Amino acid sequence: SALLQGPDDTSVQVRRRFAAPRELVFRAYTEAALFKRWCLGPPGWSMPVCEMDVRVGGSYRWRWRADEGEVEFGFFGEFLEVDPPARLVHSQTYDPGTVGNAMAASTARVELSEAEGVTTVVTRIIYDSREARDLSMGTGMADGMELSYQNLDGVLLEESGSPTG
């Protein structure tokens, strides 16, 4: 499962291991068709908008929608560093839709390393203030990330062509 910690007052760091080569994990983070299959959080949500122009200066827009009711929210931003398959850095602005309020932009740094076929992903999200970090952590972000990572485990298994079961 994901390990969530706050390395300092204004950031959150999540470390998670995946039984797949880092090239495949990097693809899952950067190809919209793969990304929208796993980055869903709890059951009952879909990702109707997943636009990603993965290059330095390229933008992205993600939007999630609950299957029930009128609930939706998203994120948008710009890719600041793209170094396949080792590193991805992007700005991240919350688009509240029907959930919460707008917040100042944060920066997400995703680092991927591989040893013996296992990829470790360390994601660090850096906020402009401790209050913004605490607000974000109070949304159930850690639980949603772990549910998405469990989805990613399944997608990586399917994409690697490994037999299931």
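See the structure above.
This is a predicted model, so every value here is computed, not measured.

**Quick look at the nonpolar core**
The biggest cluster of nonpolar side chains holds 38 residues, and the ones touching the most others in it are Val25, Tyr29, Phe35, Trp38, Trp62, Trp64 and Leu156. Top contributing element to this core by residue count: helix α4 (residues 141-159), with six residues.

**Quick look at the environment of Thr119**
With respect to the helices and strands, Thr119 occurs in strand β8 (residues 118-126). For Thr119, a relative accessible area of 0% corresponds to the buried category. For the pair Thr119 and Arg16, spaced 103 residues apart in sequence, the C-alpha to C-alpha distance is 8.4 Å.

**Structural notes on the layout of surface pockets**
Space inside the largest pocket adds up to approximately 1000 Å³. In terms of lining, the largest pocket is formed by 39 residues, of which the most central are Trp64, Phe73, Phe75, Met141 and Met145. No other element matches the five residues that α4 contributes to the lining of the largest pocket. The residue makeup of the lining of the largest pocket, split by class, is 27 nonpolar, 12 polar and no charged.

**Quick word on unusual backbone geometry**
Cis geometry marks the peptide bond from Pro84 to Pro85, where omega comes out at -10 degrees. When you line up the elements, Pro85 lands in the loop between β5 (72-83) and β6 (87-95).

**Some details on the state of the cysteines**
In the structure shown here, the tally under the stated rule is zero disulfides. The cysteine Cys39 is free of any disulfide, with Cys50 supplying the nearest cysteine sulfur at 8.0 Å. Relative accessible area serves as the criterion here: at 13%, Cys50 is assigned to the buried category.

**Observations concerning the packing of aromatic side chains**
According to the stated counting rule, one finds 13 aromatic pairs in the structure shown. On the numbers, 6.3 Å between centres and 25 degrees between planes, the contact of Trp38 with Tyr149 is stacked. With Trp38 in helix α2 (residues 32-38) and Tyr149 in helix α4, this residue pair connects regions lying 111 residues apart in the sequence. Each member of the pair Trp38 and Tyr149 is classed as buried.

How each quantity is defined
- Residues numbered from 1 in each chain as written.
- Predicted model: local features only at pLDDT ≥ 70, side-chain atom pairs only at ≥ 80, totals over all residues.
- Heavy atoms only, no water.
- Core = buried A, V, L, I, M, F, W, Y, C linked by side-chain atoms within 4.5 Å.
- Buried < 20%, exposed > 50% of the residue type's maximum accessible area, 1.4 Å probe, protein only.
- Helix = DSSP H or I, 4+ residues; strand = E, 2+ residues; numbered from the N terminus.
- 1 Å grid on protein atoms, 1.4 Å probe; cavity = no way out; pocket = protein on both sides within 12 Å on 5 of 7 lines; lining within 4 Å.
- Points joined across faces, edges and corners; volume = space filled by probe spheres on them.
- Nonpolar A, V, L, I, M, F, W, Y, C, P; charged D, E, K, R; others polar.
- Disulfide = S-S within 2.5 Å.
- Phe/Tyr/Trp six-rings, centres within 6.5 Å; stacked < 30°, edge-to-face > 60°.

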